[in-house]
Amino acid sequence: FSVPKEKIQDIKFKNIKGSIACMVDALGNKDDLEKNKTDDFSINITYNLKDSTESQMSYNHSDLVKVTIMPTFSNNVIAGNYEITYVVPAGFRFIELDRKWPFWVEENGQKLRFFFHYDRQNFAAIPITFYIQAAQKGEYTVDYVVIKENLETKLNYLDKATLSVK
């Protein structure tokens, strides 16, 4: 489960036998994102059923959802290495990556990091496509999706969105 930072002190556990592990993972707060935002590159994201082209934000339990993240680059960008961070919403689970394009993914629980090289002279920007499954009924927040230039502070992001499972 995930908890906003202002609610962490309210968590209570009872009758635990064994150990509890906790992981904190954050790119920074919204102010950090805004401070380092650039117009040199950006991303767009679409959600649709696996065999459909119609974009949607609401799904039935067990639906397989195709997620497509499309990076775009301004004319100022000639080449560079980039990473996109996407956190799979709590009511969904990561299923698989569409492997037809040359990028590398690091999967750590619900957090996915995609690494790729962009070179304007040799090839166009390519979409990153992967699949998640609607696992639990409810409404779930998709955290900020962030594209960042490797070894730089420049980034761009998409605001939070909501996916629902009926």
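Above: the structure in question.
Residues numbered from 1 in each chain as written. Predicted model: local features only at pLDDT ≥ 70, side-chain atom pairs only at ≥ 80, totals over all residues. Heavy atoms only, no water.

Take a nonpolar patch on the surface next. On the surface, a cluster of nonpolar side chains totalling about 450 Å² of accessible area is made up of Ile8, Ile11, Phe13, Ile16 and Ile20. Its location among the elements puts Ile8 in the segment before α1 (30–35). (Patch = residues over 30% accessible without salt bridge, like charges linked within 9 Å, V, L, I, M, F, W, Y side chains within 5 Å. Areas by Shrake-Rupley, 256 points an atom, 1.4 Å probe, with all protein chains shown as cover. Salt bridge = Lys/Arg side-chain N within 4 Å of Asp/Glu carboxyl O. Helix = DSSP H or I, 4+ residues; strand = E, 2+ residues; numbered from the N terminus.)

This paragraph deals with unusual backbone geometry. Its identity is not glycine, yet Ser62 carries a phi of approximately 80°, on the positive side. Judged by relative accessible area, which is 40%, Ser62 ranks as partly exposed. For Leu151, which is not a glycine, the phi torsion comes out positive at approximately 60°. Look at Leu151 and you get exposed, because its relative accessible area is 86%. (Buried < 20%, exposed > 50% of the residue type's maximum accessible area, 1.4 Å probe, protein only.)

We now examine the sheet that holds strand β12 (residues 161–165). Reading across the sheet, the three strands line up as β2-β12-β9 and stay open at both edges, with mixed pairing between neighbours. Strands at the two margins of the open sheet, each flanked by one partner only, are β2 (58–59) and β9 (138–142). Note: β9 against β12, five bridges, orientation antiparallel. Within β12, the position partnered with Val142 by the bridge is Ala161. (Pairing = 2+ DSSP bridges.)

Once that is clear, we can look at the sheet that holds strand β7 (residues 111–119). Pairing within the open sheet is antiparallel, and its five strands lie in the order β6-β7-β4-β10-β11. The open sheet has two edge strands, β6 (104–108) and β11 (155–158), and neither has a second partner. When strand polarity is set aside, the average angle formed by the axes of neighbouring strands in this sheet is 15°. Bridge count between strand β10 (residues 145–149) and β11: four bridges; the pairing is antiparallel. Looking across to β11, one finds that Val146 is bridged to Tyr157. (Axes fitted to C-alpha atoms, helices over the stretch in contact; angles between N-to-C directions.)

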